[in-house]
There are 2 protein chains.
Amino acid sequence: MKFAKTLFLMLAVSLGATAAEVASPNGHVKLKFYTDDDGRPTYELFYKDRPVVLPSRLGLELARDKHASKGGEEHDLLDHFSIVDEQTDTIDETWQPVWGESRDIRNHYVEYAATLLQQWKQPRVTAGNGQRGMYEEPHQRSIVIRFRVYDEGIGLRYEFPQQPELNYFLIQEERTEFSMTGDHTAWWLPGDYDSQEQETQESKLSEIRSRMDHAVNWGNSSVAPFSPTGVQTSLQMKTQDGLYINIHEAACADYATMHLELVDEQTKAFTTELRGGSNEYTPAPKPSRAKLPRPYTFVSHLTPDATGLKGCMQTPCTTPWRTVMVSDDARDMLSSNLILNLNEPCAIDDTSWIHPTKYCGVWWEMIVGKSSWNYTDQFPSIHLDRIDWTKVKPNGRHAANNEKVKRYIDFAAKNGLDQVLVEGWNVGWEDWANMWKRDVFDFVTPYPDFDLKMLNDYAHSKGVKLLMHHETSSSTQNYERHLEQAFQLMNDYGYDAVKTGYVGDIIPRGDHHYSQSMNNHYLHVVKEAAKHHIMVNAHEATRPTGLCRTWPNMVGNESARGTEYEAFGGSRPDHTCILPFTRLQGGPMDYTPGIFVTRLNTWSGNQSWARITLAGSLALYLTMYSPLQMAADLPEHYERFDDAFQFIRDVACDWDESIYLEAEPADYITVARKAKGTPNWFIGGKCDENGHEAIVKLDFLDKGRKYECTIYQDAPDAHYETNPQAYVITKKTVKAGQTLKLKEAPGGGFAVSLIAL
Amino acid sequence: MKFAKTLFLMLAVSLGATAAEVASPNGHVKLKFYTDDDGRPTYELFYKDRPVVLPSRLGLELARDKHASKGGEEHDLLDHFSIVDEQTDTIDETWQPVWGESRDIRNHYVEYAATLLQQWKQPRVTAGNGQRGMYEEPHQRSIVIRFRVYDEGIGLRYEFPQQPELNYFLIQEERTEFSMTGDHTAWWLPGDYDSQEQETQESKLSEIRSRMDHAVNWGNSSVAPFSPTGVQTSLQMKTQDGLYINIHEAACADYATMHLELVDEQTKAFTTELRGGSNEYTPAPKPSRAKLPRPYTFVSHLTPDATGLKGCMQTPCTTPWRTVMVSDDARDMLSSNLILNLNEPCAIDDTSWIHPTKYCGVWWEMIVGKSSWNYTDQFPSIHLDRIDWTKVKPNGRHAANNEKVKRYIDFAAKNGLDQVLVEGWNVGWEDWANMWKRDVFDFVTPYPDFDLKMLNDYAHSKGVKLLMHHETSSSTQNYERHLEQAFQLMNDYGYDAVKTGYVGDIIPRGDHHYSQSMNNHYLHVVKEAAKHHIMVNAHEATRPTGLCRTWPNMVGNESARGTEYEAFGGSRPDHTCILPFTRLQGGPMDYTPGIFVTRLNTWSGNQSWARITLAGSLALYLTMYSPLQMAADLPEHYERFDDAFQFIRDVACDWDESIYLEAEPADYITVARKAKGTPNWFIGGKCDENGHEAIVKLDFLDKGRKYECTIYQDAPDAHYETNPQAYVITKKTVKAGQTLKLKEAPGGGFAVSLIAL
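Every value quoted in this text rests on a predicted model; they were computed, and no experiment measured them.

1. With respect to the confidence of the model for chain A
Residues and elements named next belong to chain A. Predicted confidence across chain A gives a mean pLDDT of 93, with 93% of residues reaching 70 or more. Segment residues 68-72 is flagged for pLDDT under 50; beyond a separation of four residues in sequence, or across chains, it makes eight contacts in the model. When the criterion is pLDDT under 50, residues 274-284 qualifies, and its contacts beyond four places in sequence or with other chains add up to 42 contacts. Our summary of model confidence lists the complex with pTM equal to 0.95 and ipTM equal to 0.93.

2. Some thoughts on the nonpolar core
With 131 residues, the main nonpolar core has Trp364(B), Phe450(B) and Leu466(B) as its most contacted residues. The biggest single contributor to this core is helix H8 (residues 516-531) of chain B, with seven residues. Apart from residues no more than four positions distant in its own chain, Leu466(B) is found in contact with Val405(B), Ile409(B), Gln419(B), Val420(B), Val422(B), Phe450(B), Leu455(B), Asn456(B), Ala459(B) and Tyr495(B). The next biggest cluster of nonpolar side chains, apart from the first, holds 129 residues, and it includes Ile91(A), Met325(A), Ala412(A) and Ile595(A).

3. Observations regarding the environment of Leu742(B)
Residue and element names in this part refer to chain B. Mapped onto the elements of the fold, Leu742 is located in strand E35 (residues 739-744). Relative accessible area serves as the criterion here: at 1%, Leu742 is assigned to the buried category. Residues Leu742 and Arg157 lie 585 residues apart in sequence; the distance between their C-alpha atoms is 43 Å. Each residue touching Leu742, except ones within four places of it in the same chain, is listed here: His692, Glu693, Ala694, Val696, Ile711, Gln713, Phe750 and Val752.

4. As for the side chain of Asn246(A)
All names here are of chain A. Here Asn246 lies in strand E16 (residues 244-250). For Asn246, a relative accessible area of 0% translates into the label buried. A polar side-chain atom of Asn246 sits 2.8 Å from the main-chain carbonyl oxygen of Phe581.

5. Digging into the pairing of strand E24 (residues 465-471) of chain B
Residue and element names in this part refer to chain B. Of all seven residues that make up E24, six are buried, and the element is covered over most of its length. When strand E23 (residues 419-422) meets E24, the two strands line up parallel, connected through three bridges. Bridge pairing links Leu421 to Leu467 in E24. Crossover connection from E23 via helix H6 (residues 452-461) to parallel E24: handedness right-handed. In this view, the connection linking E24 to its parallel neighbour strand E25 (residues 497-501) by way of helix H7 (residues 476-493) has right-handed handedness.

6. Some thoughts on the packing of helix H10 (residues 614-623) of chain B against helix H12 (residues 642-650) of chain B
Residue and element names in this part refer to chain B. Two numbers describe how H10 lies on H12: the axes approach to 10 Å, and their chain directions differ by 5°. In this view, H10 runs roughly parallel relative to H12, as classed from their interaxial angle. Packed against H10, whose contacting residues are Leu614, Leu618, Tyr621 and Leu622, the element H12 presents Ala644, Phe647 and Ile648 at the interface. Across the contact of H10 with H12, the residue classes tally to seven nonpolar, no polar and no charged.

7. A word on the sheet that holds strand E28 (residues 628-630) of chain A
All names here are of chain A. On the basis of which strands lie adjacent, the open sheet formed by seven strands has the order E27-E26-E25-E24-E23-E22-E28 and parallel pairing. On the outer flanks of this sheet lie strand E27 (554-557) and E28, each paired with one strand and no other. On average, adjacent strands in this sheet sit at an angle of 25° to one another, irrespective of strand direction. By the bridge criterion, four bridges tie strand E22 (residues 357-362) to strand E23 (residues 419-422) in an arrangement that is parallel. Paired with Tyr359 across the bridge in E23 is Gln419.

8. Thoughts on the environment of Phe700(A)
Residue and element names in this part refer to chain A. Tracing the backbone through its elements, the reader meets Phe700 in the loop between strand E32 (692-697) and strand E33 (706-714). On the basis of relative accessibility, which here comes to 12%, the residue Phe700 falls in the buried class. A sequence separation of 19 residues divides Phe700 from Trp681, and the C-alpha atoms of the two residues are 9.2 Å apart. Those residues in contact with Phe700 that lie beyond four places of it in its chain are Ile659, Leu661, Ala672, Trp681, Ile683 and Leu754.

The rules we used
Residues numbered from 1 in each chain as written. Chains lettered and ligands numbered in written order. Predicted model: local features only at pLDDT ≥ 70, side-chain atom pairs only at ≥ 80, totals over all residues. Heavy atoms only, no water. pLDDT = per-residue confidence, 0-100. Contact = heavy atoms within 4.5 Å. Core = buried A, V, L, I, M, F, W, Y, C linked by side-chain atoms within 4.5 Å. Buried < 20%, exposed > 50% of the residue type's maximum accessible area, 1.4 Å probe, protein only. Helix = DSSP H or I, 4+ residues; strand = E, 2+ residues; numbered from the N terminus. Polar contact = N/O pair within 3.5 Å; in protein donor to acceptor, adjacent residues only side chain to side chain. Pairing = 2+ DSSP bridges. Right-handed = clockwise from strand over helix to strand, strands pointing away. Axes fitted to C-alpha atoms, helices over the stretch in contact; angles between N-to-C directions. Parallel < 35°, antiparallel > 145°, perpendicular 65-115°, else oblique. Nonpolar A, V, L, I, M, F, W, Y, C, P; charged D, E, K, R; others polar.

Okay, here's the thing in structure tokens:
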């Protein structure tokens, strides 16, 4: 049930003169808003009266377009603004997500919306009565800047009402500033338009520039930063006096993904990649007219399209919300629902077909290189329409074959897993990646050793579903052409979930994974899937911004460095203690945890190894919240450690309540969650390379009830590098008020199940 | 019935030493082919032993791609070639088009295919046994260059077999040369990637550069030439000694449309617009490594994609055919089937649903500005998904309303026209053009005053069909997303033909109308339409290259300056005496002839006027061959000149035979055609602003048969400007052997029907 309470606050403001001040419901977060001497909209943010964001300007630079412009330069939405109206409101409502970390989510904030009038004069030549002259033509436009002030931060967005002088416009750059108070520690990724699969860098803000080379060259995902101080969001920071600050965005739909460019002491100008066009259809580049802010200021930098432009807009419209979360308790960064709250309510009427899912899959053995997605090695390249697959020579390494898939189905059925992902089932994997090959897959034709009907029938007979896989190879036009048929095939055979992939460069060439058009594409696929009652888990797509509230069939995304990198050289042990602060802010990640056999060369030719203990792997099912959880390792590896695998069998993936007990970015996270619709709790703790001792007070348990407590814990001599499979399983009966002390090994963790007796 | 005769010619060639010489079946056209001192494939062309193409080199520059390249520079396909194999063959076959200028088309040519081996060495660093060194790594690739030598010209293409060192490649530029022998007269359009709706320029080759500004600024279609000497194909030329030469291309599918860049005395370097990328995903530009040829040489210039690249290729594959037609008789330029012959046979098994069509439409009154496509003027812009169309305020000018459409249906039924085109029937026209608006139309929702079911039922009850209209506004992604539903709606309501439109800039931004991806799009639409038994008539799409042989449901294209320009300032009187030599080489044009009331201000506020006499308008139904012929003027205008309209009622639009009786580019064209499956003939003559007297010998008529001859002719005082509606209709009985002398007024023409008695 929702309710809204409207409350008009008394503002310490007289229009255009002094600043509006807006406090969050509990008063911890305070916002100031005003226009500066140039008429630039400016805000400041405080937490418990300590400055968090110093005076920061808001606005957009527009690009001239031969069509949209009436002639002359396009006037930016930067300055000459005055506040002409202000509205304040308090909302307190509670909503229920279809799936999530808690059953109820409270959305409690104070809203402040300023209507800003921009007035300017533009020289214009007149001709009439035989005389030519110049006059200053007056213009005006209005925009709204809306803030929502929560106890743990703010959202702000630009709104563009429909009006004669603002109907269509092209964005050259958004210039939203986030001016930091000092040289904070930041956990950042290099700002790239197509990839966010790098290791996170931890550095002072002042060190971003000098560390960029390292950031680019460390790890094994190609990265091309747009600026030497360009970083991605969500960006987690910590101040020297212990404030945690996070910058991200919410509800980014049909708008380019936002990056941040840090202005530091060496910044001479903004990075602008608006390209010169080959003809009049492409606007000429223009130097930024936005003034550089003070150092330690992040400025928004949107992902460009193929011509370098950032957005094509039609009023009435809004930008996504720009979010700043702040607290003196790191746990608030994880428990906040600010980003989900800033998204629109669920747009799907009947959500009964959407469900959390635990799955295994024919995947890891291909990732490590032991078997192949492709069926044949016979051809240097293939044309889908010219091959008779029944006549080609198999390479003998094709994983998605009937026998193997049945083995996985049996395993899933036996262990209560809901679905089996099968990658490499459909023709086209022979030369699928990075060839600028448009017609790369058709999404409906199986390889000859994959019997679509038989395998689905077999799975269904055992209470298991297959999980569809659509690798698009980033040939989005090709995917959209086949989308309807592909989803229809899924309906025909009983699939209800698809993992999509966007590996490689976008086709059409020149576009980027995080551009406005691609963000539209990802959501288009989700909406089309909803029509077919299909859940979507998109890999390599844009980073989430909470759209899963509106479209809860978007059950997962990758959009970060996932478990696969443990087979591509490995990820640092603290990686999973950072992701919940950064990547997971916008929505769940299909991290594909559960690697029990970390030394891959013990069963394959792969020399990589996963930097995690077995108990740590179990912890991820709690610390990396997702309604979609994979048991990623091979069935035979789980069978080898069946007592530990019991936790994966038992753990829920949908929750009534979640309590973050301990948290520090890149160090440790401890969380307790109550399984939805049950009295049972599960606790997970994960730490970095230094180990950790978690102190877990069981005061969240039902009073007067006993629980069977099973603890899966690193053995005393466990270590992610030298002794990862050393774990201890302990069972005991516990009750509310007791405390568990749980030692986590370097790169380790623990998992606890508490089954109500 | 087809037959092929294989004949191995004796070639005056020993491999790699002297040139191969290949003569056409009648010996008039001769080709020489060899590799020059740099190993560049080179050809020469002769007509009746006079040089037509001087030594001209063939090859392609490739772009480096991070994926496709094994490291180092991508080696071009330009030089270091040697001929390692030659195959010659003679083909003489006859095929029947589904529709066309004649029932049978003879395809008679001598084929010559040279296999060329390219060998080169590339420096490579070695590291082994603790030692580093450099060595010259040997490489080799082979390509085939195939010529087909016809009596009226040649086709040549590049073929790329699949091989280890040529699997995928990126084209930076194709460098096919056409080296002219002198300063020919040319009829040319400025080379633009998106428009070919300019007036044709007539000039010497040496004057192209100086006339480019005029070419760009004359007329009213925006044009952005890629080079000061860049022109489009088909390019018609005439030499000082009376040879007619035409350069175009055939079978351009999934390849960028070819333009030509003239190398003249002032050319310092090729025009290259490969753009610097904003990141590593875009190949760096590289200066052309192709040497400049001698002046008066045209060099191919392909349409780029958004990043400036010209093509993404996967072997085995070929380029389109590059064609050079030549004759000392201008009529051969018009009667040649060389371009159709170079296309693949029909790909549609059942073509029974494809038919020539005569139509009228709700169109001209909107073009002149008297009524509107859009239904309302209420909003500055519209979002399709936010408007309740039943509640908006109509502007009172919406043409596609029930009453008017019924009037057109009645008119079509009464006059034996097959279909009625209705533009502006579907929602979205309020702000459809040039707004970078992706979701501009949905192609299925009619305006409230257009009753889709009633109007189709009404039409069908009278033996008429409606002709669907899909303006895409060049938002191709949006069109592809709606394509299946849009075609399904057509099937549901009984439409079997669609006029598509591509006005404005391509979305995705940065792409061009004539790029590889757009050429793929147009053909994708045609193929999807074929599945629905729908004929396609695409406006503003790429210029045709004979693909209608393979896909005969592609019944029309615009791709040139059509009749609409008579309402946009007018076209020169010689325009329609040029188009058959240029634009129509690749396939029929939906020119929409038949304007009887040329002074538009007599019935609308439009001050433009059509530069043609009424009799000249009738001639266009013969001289501008198309299986799709519109009677474009208003029903009331035809009713006013009902005796002349009789010719439009009578004229066929599918033919057993066509005989070009007279022709001179930009001066006059006279053609006689025999209506398919009948003994009846129709003759049309059209001339430029100077008038013309046609001498028509009726020796093509059946001997011993009499014909009722109706002549629609300019009156003696007729003139396209001062007296366009002065015409005389004469009836008499004629027989074979007689001669008609037919005087055509300035900007005039004549039409004759010969009905067998």
